[in-house]
Amino acid sequence: MTDVARILLCAALVLPGLTFFGCDQNADAPAASEVRTPAAPGSGLSIVFVKVDSLQAGYTQVADELGRLEDNFLKAQENHAARVKSLEEEVSKLQNLMQQGQLAPNRVQAEQQRIARKEQEILQQRDMALNSIQQDQMQIQQRFSERVKAVLEELQAENNYDYILNQGQNSAVLITNDAYDITPMVLERLNAVQDSLQ
């Protein structure tokens, strides 16, 4: 049963991390209106960047969805813990009855089989709950990625950007000039759409 607690603890640590990981908003970042305009045709490439890690934290609908998912996980964890505790109490009572010789051998075997079935059911319920939460998380991430891509494509078409880079922990871009950061502009558009994740 300690493996169950370990799995739930790991999931509990990972889920909040998804909500706040990479909240890399720079207080000195330029406002949407301060982002430099692209270079004129023939004068060089027009390159801007966005902090995708920061978008997830700043996109209110994603934050709300991840908060709901975290609440669901905590409820599932509580339900699982209650079922495990109940089973442990049953096993303890059964052991006491066995030690006192109050159960016939065939009854002991039947009770052991019943306890094993109940333990299996508890594990299956836990797995189903975790799978459901994981599926929800993947759907949220997919809708988030699709919406961000759509906004970036709109901005690229409107402003004739040659490249929109991602500056963050897992990107190849190491150093950027905040004057070319379009993260605030992207967040403004993401949060303006009320039904994108409903």
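Just above, that's the structure.
Residues numbered from 1 in each chain as written. Predicted model: local features only at pLDDT ≥ 70, side-chain atom pairs only at ≥ 80, totals over all residues. Heavy atoms only, no water.

(A) Just the overall build of the chain, in detail. Counting its secondary structure elements, the chain contains five helices and two strands. Overall, the chain shows an N-to-C arrangement of helices and strands of α-β-α-α-α-β-α. By residue count, 30% of the 198 residues in the chain fall in the buried class. Long-range contacts, defined here as pairs at least 24 residues apart, represent 88% of the contacts in the chain between residues at least 6 apart. Total accessible area computed for the chain in this model is approximately 12400 Å², and 51% of it derives from carbon and sulfur atoms. (Helix = DSSP H or I, 4+ residues; strand = E, 2+ residues; numbered from the N terminus. Buried < 20%, exposed > 50% of the residue type's maximum accessible area, 1.4 Å probe, protein only. Contact = heavy atoms within 4.5 Å. Areas by Shrake-Rupley, 256 points an atom, 1.4 Å probe, with all protein chains shown as cover.)

(B) Up close: the packing of aromatic side chains. Tallied over the full model, the rule gives one aromatic pair. Here Tyr59 and Phe144 contribute two aromatic rings whose centre-to-centre distance is 6.1 Å and whose plane-to-plane angle is 40 degrees, an arrangement assigned as tilted. A residue pair is termed long-range when its members are at least 10 positions apart, and Tyr59 in the loop between helix H2 (52-58) and helix H3 (60-99) and Phe144 in helix H4 (residues 105-159) qualify at 85 residues. On the accessibility criterion, Tyr59 (0% relative accessible area) is buried. Its relative accessible area of 4% is what places Phe144 among the buried residues. (Phe/Tyr/Trp six-rings, centres within 6.5 Å; stacked < 30°, edge-to-face > 60°.)

(C) Seen up close, the packing of H3 against H4. For the pair H3 and H4, the least separation of the axes is 11 Å and the interaxial angle reads 175 degrees. Taken together, H3 and H4 sit at an angle that is classed as roughly antiparallel. Here the contact of H3 with H4 is composed, by residue class, of 18 nonpolar, five polar and eleven charged. (Axes fitted to C-alpha atoms, helices over the stretch in contact; angles between N-to-C directions. Parallel < 35°, antiparallel > 145°, perpendicular 65-115°, else oblique. Nonpolar A, V, L, I, M, F, W, Y, C, P; charged D, E, K, R; others polar.)

(D) Spatial organisation of the nonpolar core. One finds Leu55, Leu155, Ile182, Val186 and Leu190 to be the most contacted residues of the largest nonpolar core, which totals 23 residues. Counting only elements with at least two residues in this core, the list comes to strand S1 (47-50), H3, H4 and helix H5 (183-192). In terms of residue count, the dominant contributor to this core is H4 (eight residues). Not counting residues up to four positions away in its chain, the partners in contact with Leu155 are Asn160, Tyr161, Ile182, Met185, Val186 and Arg189. Judged by nonpolar contacts, the second largest core, of seven residues, contains Val84, Leu87, Leu103 and Ile115. (Core = buried A, V, L, I, M, F, W, Y, C linked by side-chain atoms within 4.5 Å.)

(E) Focus on the environment of Leu66. Here Leu66 is to be found in helix H3. Residue Leu66 is classed as buried on the basis of its relative accessible area, which comes to 0%. Leu66 sits ten residues away from Gln56 along the chain, and the two C-alpha atoms are 9.8 Å apart.

(F) Up close: the environment of Ala116. With respect to the secondary-structure elements, Ala116 resides in helix H4. Along the backbone, Ala116 and Leu87 are 29 residues apart, and their C-alpha atoms lie at a distance of 9.9 Å.

(G) Looking closely at the environment of Leu165. Turning to its location among the elements, Leu165 is positioned in strand S2 (residues 163-166). Here Leu165 falls in the partly exposed class, since its relative accessible area comes to 33%. Expressed as a C-alpha distance, the spacing of Leu165 and Val48, which sit 117 residues apart in the sequence, is 6.3 Å. Not counting chain neighbours up to four residues away, the residues in contact with Leu165 comprise Ile47, Val48, Phe49, Val50 and Val173.

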